[in-house]
Amino acid sequence: TRSLSITSVGHSTFEKAQGEKVTLPCTFVLSEEDEGPLDIEWVLIPADNQKKEQIIIMYAVDRIYNHYYAAMTGRMQFTNPDPRSGDGSLDILNLKSADTGTYQCKVKKAPGVQSQKIQLTVLVKPARTKCSIEGSQEIGKDVILKCASQEGSPLLSYDWRRVSGTQELPATSMLNKNTGELLLKNASQDYSGTYNCVASNRVGTDECSVELNVTPPINTAGIIAGAIIGTLLGLCVLGFLIFCCCKKHREKKYEKEVHHDIREDVPPPKSRSSTARSYIGSNRSSLGSMSPSNMEGYTKTPYSQVPSEDFERTPGQNPTFAPSKVAAPNLSRMGAVPVMIPAQSKDGSIV
């Protein structure tokens, strides 16, 4: 008596790189006694036993159901579009590190039932590997060449090689394949050259390079002396600039003070009294040359417009004027011709 059996045996572990494709085999043979409907399920068994199994794809009643596991939607499919042919293998495309886990294929056709587990490990290739130098690149010093990959599944292995000169690592070098450090003790100028590091794991490799240049020791005493001299020169220049600024400021202040002082050799301005006298004298001379017929216009000029000699008096010398009548102007002093006005006496005669 025969029954349903899975024929894909011997492939229980798979290791693939991220981004690649994997085919998880699940082939089977049906028996004449298996008369029930064919049912094929692929489930993901979590590493944590407390969690439930997750159905990722299923074939039942001549139909495929692949919407159970959102993390793989669009990335998984049955290898054979018609699993009834005896091939229920599963293809997973564009693998990711999160796809790592245990997968189980279950084939049912009553009364036969069979299953098979497959372990899938998705590895990440080394990537973004960087090389660097630690320590002073001087003759007689110890130099460390470092190599590290930013991406990559463990266990990563590192290997250094020299790509210039003798293409052999120095005799004093010490390599740590796990950390990627290459120690060069008591470096000499012969150690100079280009070094290449190769990071690798089971699914790929990545490389980087670094240039080592071993030089004689630097004259630190000369550098210190030069720094001191440069500092002193800088302080001298700064002091000179401060002195010039202060001097210029004092000169501007002195010029400003002198500008506001009155110089002794400059003659004083004319007093207002002499101005008034000259004004009156000019008016007198002009009046002396006028005829009586022209006097009418000038007699109407108010005396207040003629400058007086009071401008010569100081504030402490305020004169006290006695009340008096305003006298008529003396025409003879002003150069005018006297006019005889007839008058009538008591007896009626003309005088």
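Residues numbered from 1 in each chain as written. Predicted model: local features only at pLDDT ≥ 70, side-chain atom pairs only at ≥ 80, totals over all residues. Heavy atoms only, no water.

- The protein has the name CXAR protein in an unreviewed UniProt entry, where Spizaetus tyrannus is given as its organism.

Some words on the overall build of the protein
So, point 1. Counting its regular elements, the protein contains three helices and 18 strands.
So, point 2. With 351 residues in all, the protein has 27% of them scored as buried.
So, point 3. Taking contacts inside the protein between residues at least 6 apart in sequence as the whole, the part at least 24 apart equals 57%.
So, point 4. With an accessible surface of roughly 24300 Å², the protein has 55% of that area assigned to carbon and sulfur atoms. (Helix = DSSP H or I, 4+ residues; strand = E, 2+ residues; numbered from the N terminus. Buried < 20%, exposed > 50% of the residue type's maximum accessible area, 1.4 Å probe, protein only. Contact = heavy atoms within 4.5 Å. Areas by Shrake-Rupley, 256 points an atom, 1.4 Å probe, with all protein chains shown as cover.)

Comments concerning the state of the cysteines
So, point 1. Following the criterion strictly, the structure yields three disulfides and no others.
So, point 2. Paired through a disulfide, Cys 26 and Cys 105 show a sulfur-sulfur distance of 1.9 Å. Linking Cys 26 and Cys 105, the disulfide has an S-S dihedral of approximately -70 degrees and is accordingly described as left-handed. In this pair, Cys 26 is assigned in the loop between strand S3 (22–24) and strand S4 (28–29) and Cys 105 in strand S10 (residues 101–109), connecting sequence segments 79 residues apart.
So, point 3. Judged by relative accessible area, which is 0%, Cys 26 ranks as buried.
So, point 4. A sulfur-sulfur distance of 1.8 Å marks the disulfide that ties Cys 131 to Cys 208. For the disulfide bridge between Cys 131 and Cys 208, the dihedral angle about the S-S bond is near 75 degrees, and by the sign convention the bridge is right-handed. Here the residue Cys 131 occupies a position in strand S12 (residues 127–134), and Cys 208 occupies one in strand S18 (residues 204–212), the gap between them amounting to 77 residues. For the pair shown, Cys 131 and Cys 208 are each scored as buried.
So, point 5. Should the bonded cysteines of the protein be numbered as they appear in the sequence, the pairing reads 1-2, 3-6, 4-5.
So, point 6. Here Cys 246 is not disulfide-linked; the sulfur of Cys 245 is the nearest cysteine sulfur, at 6.9 Å. (Disulfide = S-S within 2.5 Å.)

A closer look at the nonpolar core
So, point 1. Counting 27 residues, the largest nonpolar core has Leu 24, Trp 42, Ile 56, Ile 92, Tyr 103 and Val 107 as the members making the most contacts within it.
So, point 2. For this core, the secondary structure elements donating two or more residues are S3, strand S5 (39–45), strand S6 (54–60), strand S8 (76–78), strand S9 (90–92), S10 and strand S11 (112–123).
So, point 3. Contact partners of Leu 24, with chain neighbours within four places excluded, come to Phe 14, Trp 42, Ser 89, Leu 90, Ile 92, Tyr 103 and Ile 118.
So, point 4. Tyr 158, Trp 160, Ala 187 and Cys 208 belong to the second-largest nonpolar core, a separate cluster that totals 18 residues. (Core = buried A, V, L, I, M, F, W, Y, C linked by side-chain atoms within 4.5 Å.)

Some remarks on the sheet that holds S3
Backbone-to-backbone hydrogen bonds join strands into a sheet, with any given pair of strands oriented parallel or antiparallel.
So, point 1. Spatially, the three strands line up as an open sheet ordered S3-S9-S8, and their pairing is antiparallel. Two strands in the sheet have a free side with no partner beyond their single neighbour: S3 and S8. Across the sheet, the mean angle from the axis of one strand to that of its neighbour is 25 degrees, orientation sign disregarded. (Pairing = 2+ DSSP bridges. Axes fitted to C-alpha atoms, helices over the stretch in contact; angles between N-to-C directions.)

Points about the side chain of Glu 138
So, point 1. Structurally, Glu 138 is set in the loop between S12 and strand S13 (143–151).
So, point 2. Glu 138 has contacts with Ala 187, Val 214, Thr 215, Pro 216, Pro 217 and Ile 218, leaving out every residue within four places of it along the chain.

Observations regarding the side chain of Glu 41
So, point 1. Its place among the elements puts Glu 41 in strand S5.
So, point 2. There is no salt bridge for the buried Glu 41, and the closest opposite charge comes from Lys 108, which lies 4.6 Å off by N-O distance.
So, point 3. Apart from the residues lying within four places of it in its own chain, the contact partners of Glu 41 are Ile 55, Ile 57, Met 58, Gln 104, Cys 105 and Lys 106. (Lys, Arg positive; Asp, Glu negative; His and termini not counted. Salt bridge = Lys/Arg side-chain N within 4 Å of Asp/Glu carboxyl O.)

Observations concerning the pairing of S11
So, point 1. Relative to S11, strand S2 (residues 13–17) runs parallel, the two being bridged by five bridges. The partner of Ala 17 across the bridge, within S11, is Leu 123.
So, point 2. Pairing of S10 with S11 involves nine bridges; the strand directions are antiparallel. Note that in S11 the partner of Val 107 across the bridge is Gln 114.
So, point 3. In this antiparallel pair of consecutive strands, S10 and S11, the connection spans two residues.

Some thoughts on a nonpolar patch on the surface
So, point 1. A grouping of Ile 224, Ile 228, Leu 232, Leu 235, Leu 238 and Ile 242 is seen on the molecular surface, where their side chains present a nonpolar patch of about 580 Å² in accessible area.
So, point 2. Checked against the element boundaries, Leu 232 lands in helix H1 (residues 220–260). (Patch = residues over 30% accessible without salt bridge, like charges linked within 9 Å, V, L, I, M, F, W, Y side chains within 5 Å.)

Notes on unusual backbone geometry
So, point 1. The omega angle of the peptide bond from Ala 110 to Pro 111 is 5 degrees, so this bond is cis rather than trans.
So, point 2. By secondary structure assignment, the location of Pro 111 is in the loop between S10 and S11.
So, point 3. For Asn 94, which is not glycine, the phi dihedral falls at a positive 45 degrees.
So, point 4. The topology assignment puts Asn 94 in the loop between S9 and S10.
So, point 5. Since its relative accessible area comes to 43%, Asn 94 is described here as partly exposed.

Comments concerning the pairing of S13
So, point 1. Of the strand pairs in this sheet, S12 and S13 are connected by seven bridges, and their pairing is antiparallel. Counterpart to Cys 131 in the pairing with S13 is Cys 147.

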